[in-house]
Amino acid sequence: MTKKIGIVTGGGDCPGLNAVIRAIVKAGALYGWECLGIHGGFDGLLTPVRAMPLAIKDMDGLLIRGGTILGTANSGQFSAKTGRGELRQVPKKIMNQAKANFDKLALSALVAIGGDGTLTIAQQMFEMGVPVVGVPKTIDNDLDATQTTFGFDTAVACAVDALDRLHSTAQSHNRVMVLEVMGRYAGWIAAYAGLAGGADVILIPEIKFNYDAIQKKIKARETEGKHFTIVIVAEGATLEGQGFITSSKTKGDREVRLGGIGHMVAMEIETLTKKETRCVVLGHLQRGGQPTQWDRQLCTRFGVHAFQMIAKKQFGYMVALKKNGMMGPVTLSEAINKLRLVDPDGELVMTARALGISFGDEPKS
Ligand code: F6P
(Lines give C-alpha, C1' and ligand atoms only; values in the text may rest on other atoms or scores of the structure.)
Protein backbone atom coordinates (compact mmCIF):
# COMPACT_ATOMS: atom_id res chain seq x y z
CA MET A 1 0.00 0.00 0.00
CA THR A 2 1.11 3.59 -0.66
CA LYS A 3 1.72 5.62 2.45
CA LYS A 4 -0.23 8.76 1.61
CA ILE A 5 -2.81 10.47 3.84
CA GLY A 6 -5.38 12.96 2.60
CA ILE A 7 -6.44 15.60 5.14
CA VAL A 8 -9.69 17.55 4.90
CA THR A 9 -11.13 20.21 7.22
CA GLY A 10 -14.92 20.64 7.09
CA GLY A 11 -17.67 22.76 8.64
CA GLY A 12 -17.10 26.08 10.40
CA ASP A 13 -13.45 26.83 11.12
CA CYS A 14 -12.07 27.00 14.63
CA PRO A 15 -8.75 27.57 16.38
CA GLY A 16 -6.58 24.44 16.37
CA LEU A 17 -7.36 23.03 12.91
CA ASN A 18 -3.82 23.85 11.74
CA ALA A 19 -2.34 22.33 14.90
CA VAL A 20 -4.08 19.01 14.09
CA ILE A 21 -2.81 19.12 10.47
CA ARG A 22 0.72 19.79 11.76
CA ALA A 23 0.60 16.86 14.18
CA ILE A 24 -0.57 14.41 11.50
CA VAL A 25 2.07 15.56 9.01
CA LYS A 26 4.90 15.48 11.56
CA ALA A 27 3.94 12.12 13.09
CA GLY A 28 3.41 10.60 9.63
CA ALA A 29 6.73 11.89 8.24
CA LEU A 30 8.68 10.04 10.93
CA TYR A 31 7.33 6.77 9.50
CA GLY A 32 7.70 7.73 5.84
CA TRP A 33 4.11 8.81 5.21
CA GLU A 34 3.27 11.66 2.84
CA CYS A 35 0.31 13.97 3.38
CA LEU A 36 -1.91 15.75 0.90
CA GLY A 37 -4.16 18.63 1.98
CA ILE A 38 -7.60 18.72 0.33
CA HIS A 39 -8.80 22.29 -0.22
CA GLY A 40 -12.18 23.81 0.65
CA GLY A 41 -13.67 20.86 2.52
CA PHE A 42 -14.82 17.64 0.82
CA ASP A 43 -15.65 19.65 -2.32
CA GLY A 44 -11.88 19.72 -2.95
CA LEU A 45 -12.12 16.02 -3.80
CA LEU A 46 -14.45 16.75 -6.73
CA THR A 47 -13.14 17.28 -10.26
CA PRO A 48 -11.04 19.37 -10.73
CA VAL A 49 -9.40 18.20 -7.52
CA ARG A 50 -7.97 20.93 -5.29
CA ALA A 51 -5.12 19.52 -3.24
CA MET A 52 -1.56 20.31 -2.20
CA PRO A 53 1.27 18.27 -0.71
CA LEU A 54 1.93 19.05 2.95
CA ALA A 55 5.60 18.80 3.83
CA ILE A 56 7.21 19.12 7.26
CA LYS A 57 8.75 22.45 6.23
CA ASP A 58 5.24 23.85 5.61
CA MET A 59 4.24 23.11 9.20
CA ASP A 60 6.28 25.92 10.78
CA GLY A 61 4.10 28.24 12.83
CA LEU A 62 0.95 26.14 12.41
CA LEU A 63 0.68 25.17 16.08
CA ILE A 64 -0.53 28.63 16.93
CA ARG A 65 -2.13 29.79 13.67
CA GLY A 66 -5.93 30.21 13.68
CA GLY A 67 -8.23 29.09 10.85
CA THR A 68 -7.23 26.33 8.45
CA ILE A 69 -4.57 26.48 5.75
CA LEU A 70 -6.77 24.11 3.74
CA GLY A 71 -9.89 26.25 3.76
CA THR A 72 -13.23 24.78 4.77
CA ALA A 73 -16.93 24.85 3.90
CA ASN A 74 -20.16 24.34 5.79
CA SER A 75 -22.29 24.34 2.66
CA GLY A 76 -21.82 22.96 -0.84
CA GLN A 77 -22.26 19.58 -2.50
CA PHE A 78 -21.36 17.60 0.61
CA SER A 79 -23.66 19.15 3.15
CA ALA A 80 -25.01 16.25 5.25
CA LYS A 81 -26.84 18.05 8.07
CA THR A 82 -29.66 20.54 7.68
CA GLY A 83 -30.77 20.79 11.29
CA ARG A 84 -30.78 18.94 14.59
CA GLY A 85 -31.08 15.25 13.77
CA GLU A 86 -31.89 16.07 10.13
CA LEU A 87 -29.53 13.99 8.05
CA ARG A 88 -29.04 14.25 4.33
CA GLN A 89 -27.49 11.52 2.22
CA VAL A 90 -24.87 13.11 -0.03
CA PRO A 91 -25.95 12.26 -3.63
CA LYS A 92 -24.39 9.04 -4.97
CA LYS A 93 -22.96 10.82 -8.04
CA ILE A 94 -20.99 13.22 -5.83
CA MET A 95 -19.75 10.45 -3.54
CA ASN A 96 -18.66 8.30 -6.49
CA GLN A 97 -16.69 11.19 -7.98
CA ALA A 98 -14.96 11.87 -4.65
CA LYS A 99 -14.12 8.18 -4.24
CA ALA A 100 -12.74 7.97 -7.80
CA ASN A 101 -10.52 11.00 -7.17
CA PHE A 102 -9.43 9.60 -3.80
CA ASP A 103 -8.26 6.47 -5.69
CA LYS A 104 -6.62 8.49 -8.49
CA LEU A 105 -4.63 10.45 -5.89
CA ALA A 106 -3.38 7.08 -4.59
CA LEU A 107 -4.42 7.98 -1.06
CA SER A 108 -4.42 5.21 1.51
CA ALA A 109 -6.47 7.08 4.12
CA LEU A 110 -8.45 10.25 4.67
CA VAL A 111 -8.52 12.24 7.91
CA ALA A 112 -11.72 14.28 8.26
CA ILE A 113 -11.41 17.05 10.84
CA GLY A 114 -14.76 18.53 11.74
CA GLY A 115 -17.95 18.51 13.76
CA ASP A 116 -21.16 16.52 13.49
CA GLY A 117 -21.82 17.47 9.85
CA THR A 118 -18.28 16.67 8.64
CA LEU A 119 -18.17 13.41 10.57
CA THR A 120 -21.54 12.43 9.07
CA ILE A 121 -20.04 12.87 5.59
CA ALA A 122 -16.98 10.92 6.76
CA GLN A 123 -19.23 8.05 7.87
CA GLN A 124 -21.02 8.07 4.49
CA MET A 125 -17.63 7.94 2.73
CA PHE A 126 -16.50 5.10 4.97
CA GLU A 127 -19.67 3.16 4.10
CA MET A 128 -18.71 3.36 0.44
CA GLY A 129 -15.22 2.05 1.03
CA VAL A 130 -13.06 5.11 1.78
CA PRO A 131 -10.68 4.42 4.71
CA VAL A 132 -11.55 7.34 6.98
CA VAL A 133 -10.49 8.54 10.43
CA GLY A 134 -12.28 11.46 12.12
CA VAL A 135 -11.02 14.19 14.48
CA PRO A 136 -13.61 16.08 16.57
CA LYS A 137 -13.72 19.84 16.11
CA THR A 138 -16.31 22.38 17.17
CA ILE A 139 -16.31 25.40 19.42
CA ASP A 140 -19.78 24.31 20.57
CA ASN A 141 -18.32 21.20 22.31
CA ASP A 142 -21.48 19.33 21.43
CA LEU A 143 -20.16 15.90 20.38
CA ASP A 144 -21.17 13.29 22.93
CA ALA A 145 -18.52 10.73 21.99
CA THR A 146 -15.60 12.83 23.25
CA GLN A 147 -15.14 14.54 26.60
CA THR A 148 -14.27 17.69 24.73
CA THR A 149 -13.72 18.93 21.20
CA PHE A 150 -10.89 21.24 20.23
CA GLY A 151 -11.68 24.91 19.69
CA PHE A 152 -14.05 25.01 22.65
CA ASP A 153 -11.49 26.15 25.21
CA THR A 154 -10.34 28.99 22.94
CA ALA A 155 -13.94 30.10 22.36
CA VAL A 156 -14.59 30.12 26.12
CA ALA A 157 -11.41 32.16 26.69
CA CYS A 158 -12.64 34.70 24.14
CA ALA A 159 -16.07 34.93 25.80
CA VAL A 160 -14.54 35.31 29.28
CA ASP A 161 -12.30 38.10 28.02
CA ALA A 162 -15.41 39.84 26.64
CA LEU A 163 -17.26 39.40 29.96
CA ASP A 164 -14.30 40.86 31.88
CA ARG A 165 -14.37 43.92 29.64
CA LEU A 166 -18.15 44.25 29.84
CA HIS A 167 -18.05 44.11 33.64
CA SER A 168 -16.15 47.34 34.04
CA THR A 169 -18.26 49.30 31.57
CA ALA A 170 -21.52 47.86 32.99
CA GLN A 171 -20.45 48.90 36.47
CA SER A 172 -19.38 52.40 35.42
CA HIS A 173 -22.73 53.08 33.75
CA ASN A 174 -25.04 51.06 36.01
CA ARG A 175 -26.20 49.17 32.96
CA VAL A 176 -27.32 45.70 32.01
CA MET A 177 -24.91 44.24 29.47
CA VAL A 178 -25.99 41.25 27.39
CA LEU A 179 -23.34 39.14 25.64
CA GLU A 180 -24.53 36.81 22.87
CA VAL A 181 -22.21 33.86 22.26
CA MET A 182 -22.31 30.86 19.93
CA GLY A 183 -23.91 27.58 20.94
CA ARG A 184 -26.58 26.27 18.63
CA TYR A 185 -27.99 23.28 20.52
CA ALA A 186 -25.61 23.19 23.46
CA GLY A 187 -24.90 25.99 25.92
CA TRP A 188 -21.37 24.95 26.94
CA ILE A 189 -19.71 28.22 25.91
CA ALA A 190 -22.31 30.32 27.75
CA ALA A 191 -22.26 28.08 30.84
CA TYR A 192 -18.47 27.84 31.20
CA ALA A 193 -17.80 31.45 30.25
CA GLY A 194 -20.69 32.60 32.45
CA LEU A 195 -19.17 30.86 35.46
CA ALA A 196 -15.60 31.94 34.71
CA GLY A 197 -16.59 35.49 33.83
CA GLY A 198 -19.00 36.09 36.73
CA ALA A 199 -22.25 36.43 34.78
CA ASP A 200 -25.43 37.00 36.78
CA VAL A 201 -27.76 35.43 34.23
CA ILE A 202 -26.85 32.54 31.89
CA LEU A 203 -29.30 31.58 29.15
CA ILE A 204 -28.67 28.27 27.36
CA PRO A 205 -30.60 26.16 24.82
CA GLU A 206 -31.08 23.35 27.36
CA ILE A 207 -33.14 25.55 29.75
CA LYS A 208 -36.07 27.57 28.38
CA PHE A 209 -36.15 31.04 29.89
CA ASN A 210 -38.80 33.62 30.81
CA TYR A 211 -38.50 37.36 31.45
CA ASP A 212 -40.07 37.27 34.92
CA ALA A 213 -37.13 35.27 36.25
CA ILE A 214 -34.56 37.56 34.60
CA GLN A 215 -36.34 40.68 35.88
CA LYS A 216 -36.47 39.20 39.38
CA LYS A 217 -32.71 38.63 39.34
CA ILE A 218 -31.96 42.18 38.17
CA LYS A 219 -34.30 43.62 40.84
CA ALA A 220 -32.68 41.47 43.56
CA ARG A 221 -29.28 42.84 42.56
CA GLU A 222 -30.62 46.41 42.74
CA THR A 223 -31.87 45.71 46.26
CA GLU A 224 -28.38 44.47 47.18
CA GLY A 225 -26.97 47.76 45.87
CA LYS A 226 -25.60 46.24 42.67
CA HIS A 227 -26.79 48.49 39.92
CA PHE A 228 -25.38 46.55 36.99
CA THR A 229 -26.06 43.07 35.66
CA ILE A 230 -24.21 40.81 33.24
CA VAL A 231 -26.24 38.44 31.07
CA ILE A 232 -24.67 35.83 28.76
CA VAL A 233 -26.94 34.19 26.21
CA ALA A 234 -26.21 31.35 23.80
CA GLU A 235 -27.44 32.01 20.25
CA GLY A 236 -29.63 28.89 20.49
CA ALA A 237 -31.36 29.82 23.79
CA THR A 238 -35.12 30.07 23.50
CA LEU A 239 -37.90 31.81 25.37
CA GLU A 240 -40.54 29.50 26.89
CA GLY A 241 -43.00 28.53 24.15
CA GLN A 242 -40.79 29.85 21.35
CA GLY A 243 -38.23 28.56 18.88
CA PHE A 244 -34.84 29.75 17.62
CA ILE A 245 -34.23 33.41 16.79
CA THR A 246 -32.69 33.33 13.32
CA SER A 247 -30.86 35.94 11.30
CA SER A 248 -31.60 34.38 7.92
CA LYS A 249 -34.74 32.69 6.64
CA THR A 250 -33.09 30.54 3.95
CA LYS A 251 -32.55 26.96 4.98
CA GLY A 252 -31.87 24.83 1.90
CA ASP A 253 -28.96 22.43 2.23
CA ARG A 254 -27.53 23.88 5.43
CA GLU A 255 -28.47 24.69 8.97
CA VAL A 256 -30.43 27.87 9.51
CA ARG A 257 -28.32 30.87 10.59
CA LEU A 258 -28.94 31.82 14.22
CA GLY A 259 -28.54 35.26 15.76
CA GLY A 260 -30.58 38.04 17.32
CA ILE A 261 -31.49 36.54 20.68
CA GLY A 262 -29.07 38.90 22.47
CA HIS A 263 -30.70 42.04 21.07
CA MET A 264 -34.16 40.67 21.73
CA VAL A 265 -33.32 39.89 25.37
CA ALA A 266 -31.63 43.29 25.82
CA MET A 267 -34.64 45.19 24.44
CA GLU A 268 -37.08 43.31 26.63
CA ILE A 269 -34.95 43.79 29.76
CA GLU A 270 -34.77 47.53 29.10
CA THR A 271 -38.56 47.74 28.64
CA LEU A 272 -39.33 45.71 31.75
CA THR A 273 -36.72 47.08 34.16
CA LYS A 274 -36.29 50.59 32.71
CA LYS A 275 -32.54 50.02 33.08
CA GLU A 276 -30.30 51.04 30.25
CA THR A 277 -29.28 47.85 28.49
CA ARG A 278 -26.78 47.12 25.74
CA CYS A 279 -26.03 44.02 23.72
CA VAL A 280 -22.73 42.77 22.29
CA VAL A 281 -22.70 39.89 19.81
CA LEU A 282 -19.37 38.08 20.02
CA GLY A 283 -19.98 36.09 16.82
CA HIS A 284 -17.04 34.82 14.82
CA LEU A 285 -14.44 36.40 17.12
CA GLN A 286 -14.94 33.14 19.05
CA ARG A 287 -13.79 31.14 16.04
CA GLY A 288 -10.74 33.22 15.14
CA GLY A 289 -7.23 33.71 16.46
CA GLN A 290 -4.68 31.54 18.19
CA PRO A 291 -5.70 28.40 20.07
CA THR A 292 -5.16 28.34 23.85
CA GLN A 293 -2.46 26.09 25.33
CA TRP A 294 -5.17 23.54 26.22
CA ASP A 295 -6.39 23.40 22.63
CA ARG A 296 -2.82 23.20 21.29
CA GLN A 297 -1.99 20.08 23.30
CA LEU A 298 -5.41 18.57 22.60
CA CYS A 299 -5.02 19.13 18.83
CA THR A 300 -1.51 17.68 18.90
CA ARG A 301 -2.74 14.57 20.73
CA PHE A 302 -5.76 14.22 18.40
CA GLY A 303 -3.50 14.52 15.33
CA VAL A 304 -0.88 12.03 16.51
CA HIS A 305 -3.55 9.50 17.52
CA ALA A 306 -5.38 9.93 14.22
CA PHE A 307 -2.12 9.04 12.45
CA GLN A 308 -1.57 6.05 14.74
CA MET A 309 -5.08 4.80 13.93
CA ILE A 310 -4.25 5.02 10.22
CA ALA A 311 -0.96 3.15 10.73
CA LYS A 312 -2.98 0.41 12.49
CA LYS A 313 -5.61 0.49 9.67
CA GLN A 314 -8.27 1.33 12.24
CA PHE A 315 -10.74 2.99 9.86
CA GLY A 316 -14.31 4.16 10.40
CA TYR A 317 -13.33 5.59 13.79
CA MET A 318 -12.98 9.02 15.36
CA VAL A 319 -10.26 9.78 17.88
CA ALA A 320 -11.82 10.88 21.17
CA LEU A 321 -10.77 12.16 24.56
CA LYS A 322 -12.08 9.47 26.90
CA LYS A 323 -13.38 9.84 30.46
CA ASN A 324 -10.02 8.59 31.83
CA GLY A 325 -8.25 11.49 30.11
CA MET A 326 -6.65 9.24 27.48
CA MET A 327 -7.09 9.27 23.72
CA GLY A 328 -9.01 6.38 22.22
CA PRO A 329 -11.18 5.40 19.25
CA VAL A 330 -14.99 5.55 18.93
CA THR A 331 -16.80 4.42 15.79
CA LEU A 332 -17.90 7.24 13.51
CA SER A 333 -21.47 5.94 13.71
CA GLU A 334 -21.33 6.31 17.51
CA ALA A 335 -19.84 9.78 17.17
CA ILE A 336 -22.42 11.32 14.87
CA ASN A 337 -25.84 12.61 15.67
CA LYS A 338 -25.42 12.26 19.43
CA LEU A 339 -25.23 15.73 20.90
CA ARG A 340 -23.47 16.46 24.15
CA LEU A 341 -25.75 18.84 26.02
CA VAL A 342 -25.48 20.72 29.30
CA ASP A 343 -27.43 18.75 31.92
CA PRO A 344 -29.98 21.16 33.46
CA ASP A 345 -29.73 19.15 36.70
CA GLY A 346 -26.01 18.51 36.48
CA GLU A 347 -23.12 19.77 38.59
CA LEU A 348 -22.23 22.70 36.33
CA VAL A 349 -25.72 24.24 36.46
CA MET A 350 -26.10 23.40 40.16
CA THR A 351 -22.80 25.12 40.97
CA ALA A 352 -23.97 28.24 39.15
CA ARG A 353 -27.35 28.16 40.89
CA ALA A 354 -25.59 27.78 44.26
CA LEU A 355 -24.04 31.19 43.59
CA GLY A 356 -27.42 32.70 42.81
CA ILE A 357 -26.82 32.79 39.04
CA SER A 358 -30.15 32.74 37.21
CA PHE A 359 -30.83 30.57 34.17
CA GLY A 360 -33.94 32.61 33.43
CA ASP A 361 -36.24 29.95 34.86
CA GLU A 362 -37.88 29.08 38.15
CA PRO A 363 -35.40 26.60 39.65
CA LYS A 364 -36.86 23.47 41.26
CA SER A 365 -36.55 23.78 45.02
O1 F6P B 1 -21.19 24.92 14.91
C2 F6P B 1 -20.36 25.95 15.30
C3 F6P B 1 -21.00 27.29 15.08
O4 F6P B 1 -20.07 28.14 15.63
C5 F6P B 1 -22.40 27.48 15.68
O6 F6P B 1 -22.38 27.79 17.04
C7 F6P B 1 -22.94 28.58 14.84
O8 F6P B 1 -24.35 28.55 14.81
C9 F6P B 1 -22.37 28.30 13.50
O10 F6P B 1 -21.15 27.63 13.73
C11 F6P B 1 -22.17 29.54 12.68
O12 F6P B 1 -21.67 29.21 11.43
P13 F6P B 1 -21.43 30.24 10.23
O14 F6P B 1 -19.97 30.39 10.12
O15 F6P B 1 -22.01 29.55 9.06
O16 F6P B 1 -22.10 31.53 10.55
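Residues numbered from 1 in each chain as written. Predicted model: local features only at pLDDT ≥ 70, side-chain atom pairs only at ≥ 80, totals over all residues. Heavy atoms only, no water.

A.B. asks: Just checking my understanding: could you explain the overall build of the chain for this structure?
C.D. replies: Secondary structure assignment for the chain yields 10 helices and 13 strands. Relative to its length of 365 residues, the chain is compact, with a C-alpha radius of gyration of 22 Å against a globular reference of 21 Å. On the principal axes, the C-alpha backbone points of the chain span a range of 70 × 35 × 35 Å. Here the chain, with 365 residues, has 57% of them falling under the buried criterion. Pairs at least 24 apart in sequence give 73% of the contacts found in the chain among residues at least 6 apart. With the model as given, the accessible surface of the chain reaches about 15200 Å², and the carbon-plus-sulfur share is 53%. Averaged over its 42 positive side-chain charges, the chain has a centre that lies 6 Å from the centre of its 35 negative ones. (Helix = DSSP H or I, 4+ residues; strand = E, 2+ residues; numbered from the N terminus. Rg over C-alpha atoms; globule rule 2.2 N^0.38 Å. Buried < 20%, exposed > 50% of the residue type's maximum accessible area, 1.4 Å probe, protein only. Contact = heavy atoms within 4.5 Å. Areas by Shrake-Rupley, 256 points an atom, 1.4 Å probe, with all protein chains shown as cover. Lys, Arg positive; Asp, Glu negative; His and termini not counted. Charge placed at Lys NZ, Arg CZ, Asp CG, Glu CD.)

A.B. asks: I keep staring at the packing of aromatic side chains and nothing clicks. Help me out?
C.D. replies: When we look at a pair of aromatic rings, we describe it by the centre distance and by the angle of the planes. Per the counting criterion, the structure on display carries 8 aromatic pairs. Ring geometry for F152 versus Y192: centroids 5.5 Å apart, planes at 90 degrees, classification edge-to-face. Placement of F152 in helix α4 (residues 152-173) and of Y192 in helix α5 (residues 188-196) is noted, with a sequence separation of 40 residues between them. For F152, a relative accessible area of 7% gives the class buried. Looking at Y192, the relative accessible area reads 39%, which means it is partly exposed. Arranged with centres 6.0 Å apart and planes meeting at 40 degrees, the rings of Y185 and F244 form a pair that is tilted. Linking Y185 in the loop between β8 (176-181) and α5 with F244 in the loop between β10 (229-234) and α7 (261-273), this pair joins segments that are 59 residues apart in sequence. The class for Y185 is buried, based on a relative accessible area of 10%. Each member of the aromatic cluster is reached from another via a ring pair, and the members are Y31, W33 and F307. (Phe/Tyr/Trp six-rings, centres within 6.5 Å; stacked < 30°, edge-to-face > 60°.)

A.B. asks: Would you mind showing me how to read the domain arrangement of the chain here?
C.D. replies: Note: interface size is frequently given as the accessible area lost on complex formation between the parts. Along its sequence, the chain is organised into domain 1 (4-150 + 289-335) and domain 2 (155-288 + 343-354). Taking only C-alpha atoms into account, the centre of domain 1 sits 32 Å from that of domain 2. Listed as interface residues are 20 residues of domain 1 and, on the opposing side, 17 residues of domain 2. Summed over the three residues of domain 1 that lose the most area to domain 2, namely T82, I139 and D140, the buried surface amounts to 34% of that side. Inspection of the region where domain 1 meets domain 2 yields 1 salt bridge. Across the pair D13 and R287 runs a salt bridge, and its minimum N-O distance is 3.1 Å. Put simply, domain 1 and domain 2 have 3 residue pairs in polar contact (both at pLDDT 80 or more) between them. Of all the elements, strand β4 (residues 81-83) adds the most residues to the side of domain 1 that touches domain 2, at 3 residues. In terms of residue class, the side of domain 1 that touches domain 2 is made up of 3 nonpolar, 11 polar and 6 charged. (Domains from an automatic or database assignment. Buried area = accessible area lost by both parts, 1.4 Å probe. Salt bridge = Lys/Arg side-chain N within 4 Å of Asp/Glu carboxyl O. Polar contact = N/O pair within 3.5 Å; in protein donor to acceptor, adjacent residues only side chain to side chain. Nonpolar A, V, L, I, M, F, W, Y, C, P; charged D, E, K, R; others polar.)

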